[in-house]
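What follows is the residue order along each chain.
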Amino acid sequence: MNAEKNLGIKVNPTSNTAITTLIMLANAHYEKALEILEQMGVEKETIFHGADPSDMVNRPSDIVRELRYVALNRTIEESGLNVLMDLPCGYTPKVFEFTEKGMQYIGCDLPAVINDFSPIIASMTNDEQKKMIDFQVVDVTNFESMKAAADKAKGPVCIATEGLTIYLTSEETKQLSVNIRRILAEKGGCWLNSDVETFDYYMAVYKAVAGDRAMELLIKARKGFSGQSDTDLHKNKASYVKNSGEKMSVDYGMIEAQYKSRGLLVEKIPYYRDDIKLRLFDAMTEEEIKKLKENMKHVNVWKITVDPDFREDADTAVPSDIPIDLDLPFGVKSSFHDGVLELSIQGRMDTLTAPEVLKQFQEAEKGVTDIHVDVSKMSYVSSAGLRVFLIMYKSLEDKGRFKMTGINSAVREIIDLAGFDQFF
Ligand SMILES: C[S@@+](CC[C@H](N)C(=O)[O-])C[C@H]1O[C@@H](n2cnc3c(N)ncnc32)[C@H](O)[C@@H]1O
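Because the structure is a prediction, the values reported are computed rather than measured.

> Give a description of the overall build of the protein chain that names residues and reports values.
Helix and strand counts for the protein chain come out as 16 helices and 11 strands. At 22 Å, the protein chain has a C-alpha radius of gyration in line with the 22 Å of a compact globule built from 424 residues. When the 424 residues of the protein chain are sorted by exposure, 43% land in the buried category. Relative to all contacts within the protein chain whose residues are 6 or more apart in sequence, the contacts with residues 24 or more apart total 76%.

Take a look at the structure:
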């Protein structure tokens, strides 16, 4: 792994999850998924795990991914829009499915993914296809990066989200919806979010294949995957499956009201259609297929559009009590003397900018006994930035020697909400 990718993965390990989705699609017989994996140099033996009916780890996970993929793709097609902004794209074969249907494809993801994926797709496409494909480095909390992606669109956009929000903090999820409203208000189109009902489409599959053991097996599977991202580190109010096995309920009414308060309207599009067909039906019994079809009647992709009557309110307006210019460009200054590393950070510290702070820390790391971080000019910190602070904090023998000064109210709220107040 090159140094840049290494830093990127450290500040936001969720990029690791993209390859798992791809492997699952290859196991559901999506040839292009397999071709992408081959281009990535992944050994064939490590890709296929077989479809043994008694396998209660891989088989349901594969079905879950294919179900979501099929339901979302069909909803994208039905949107009638000509531009797909895939947010985040991971290493998805969607790029082929939709360019073949004549749609412009804009793949958006973190640098660790885009820097790998875009040359692979370039090597797998002809000149005609290339004209329809763009890739853009995006951090969904960063409006400018999202706007740069949307500006490539040659018309109203269909923004599609699959497998993202469980990795975001509640503050980041809010930022995502505020950013999407701004994009849709300018470009027109809709946002198709298959993530809101994550718990329900997982349960639809697990109940069909495992009956009463569904919850227990789902928790087990979830634990198995948690090593890929370290999102257990922060509090995510949207990650509703409690590992303790507590009874679950998701307040969809509240989520819809939150969207409404951010200027977005929700329409629910059911996963179910009479003619729905998964390739993995081949690996399921008649009874399992029947149950799955019944269960998926209660699961929806959320189609989200701009509320024409929306007026900016307290939930989306820029807070007025922050004593700094929120548009300050990102920058970090550091000095190191007598074991004391002083850092001064300005602007947004997110997945795109946090690697620079980590780099400056790593250059000094040896011999650092004290770390003083001045954040008085920092306008925003995402979980990636908090992760970097945590790496620095943990590196110190005496944790009391980590000092953060100049914390403004917006940054303090993010730190508290994400549960990082326990460290700093
Ligand atoms: C489970 S993968 C899903 C990818 C793709 N939608 C698919 O179904 O194959 C999650 C993706 O979210 C991306 N991601 C996580 N946090 C992000 C952020 N703040 N901004 C943009 N992408 C992010 C990761 O890099 C990863 O590629």
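Having put the structure on the table, let's press on.
> Can you lay out the sheet that holds strand E6 (residues 264–270) for me, pointing to particular residues and giving the numbers?
What holds strands together in a sheet is hydrogen bonding between their backbones, with the strands either parallel or antiparallel. Pairing is mixed in the open sheet, where 7 strands are placed in the order E3-E2-E1-E4-E5-E7-E6. If you trace the sheet from one side to the other, it starts and ends with strand E3 (133–137) and E6, each paired once. The mean angle between the axes of side-by-side strands here comes to 20 degrees, regardless of whether they run parallel or antiparallel. Of the strand pairs in this sheet, strand E4 (residues 157–161) and strand E5 (residues 189–193) are connected by 5 bridges, and their pairing is parallel. Among the inter-strand pairings, Ala160 is bridged to a residue of E5, identified as Leu192. Lying on the sheet, helix H12 (residues 252–261) is in contact with E6 and strand E7 (300–306); it crosses E6 at an angle near 140 degrees.

> Run through the pairing of E5, naming residues and quoting values.
For E5, the tally of buried residues reaches 5 of 5 residues, placing the bulk of the element in the interior. Alternating residues of E5 divide into Gly189, Trp191 and Asn193 and Cys190 and Leu192, and every residue in both groups is buried. As a crossover connection, the stretch from E4 through helix H9 (residues 170–187) into E5 is right-handed. In terms of strand pairing, E5 meets E7 through 3 bridges, oriented antiparallel. By the bridge assignment for E7, Trp191 is matched with Ile304.

> Please set out the site of the ligand residue by residue, giving values where relevant.
As a matter of local geometry, the ligand sits amid 22 residues, with Ala18, Thr21, Pro88, Gly90 and Gly163 nearest to it. By residue number, the principal contributor to the shell around the ligand is helix H2 (residues 17–27), which donates 3 residues. Residue composition of the shell around the ligand, by class: 9 nonpolar, 10 polar and 3 charged.

> Which residues make up the confidence of the model for the protein chain, and what values go with them?
Looking at the protein chain as a whole, its pLDDT mean stands at 91, while 91% of the residues score no less than 70. Every residue in residues 237–244 is under pLDDT 50, and counting partners more than four places away or in other chains gives 18 contacts.

> Now, about the domain arrangement of the protein chain: what can you tell me, with residues and values included?
Interfaces are frequently sized by the accessible area removed from exposure as the parts join. When its domains are assigned, the protein chain resolves into domain 1 (3–306) and domain 2 (331–422). Computed over C-alpha atoms only, the centres of domain 1 and domain 2 are separated by 31 Å. Contact with domain 1, which involves 17 residues of that partner, is made by 17 residues of domain 2. Every element with two or more residues in the side of domain 1 that touches domain 2 is listed here: helix H1 (3–11) and H9. A per-element tally of the side of domain 1 that touches domain 2 places H1 first, with 4 residues. Of the residues belonging to the side of domain 1 that touches domain 2, the class tally is 4 nonpolar, 8 polar and 5 charged.

Rules and cut-offs
Residues numbered from 1 in each chain as written. Predicted model: local features only at pLDDT ≥ 70, side-chain atom pairs only at ≥ 80, totals over all residues. Helix = DSSP H or I, 4+ residues; strand = E, 2+ residues; numbered from the N terminus. Rg over C-alpha atoms; globule rule 2.2 N^0.38 Å. Buried ≥ 20, exposed ≤ 12 C-beta atoms within 10 Å, placed from the backbone. Contact = placed C-beta atoms within 7 Å. Pairing = 2+ DSSP bridges. Axes fitted to C-alpha atoms, helices over the stretch in contact; angles between N-to-C directions. Right-handed = clockwise from strand over helix to strand, strands pointing away. Near = placed C-beta within 6 Å. Nonpolar A, V, L, I, M, F, W, Y, C, P; charged D, E, K, R; others polar. pLDDT = per-residue confidence, 0-100. Domains from an automatic or database assignment.

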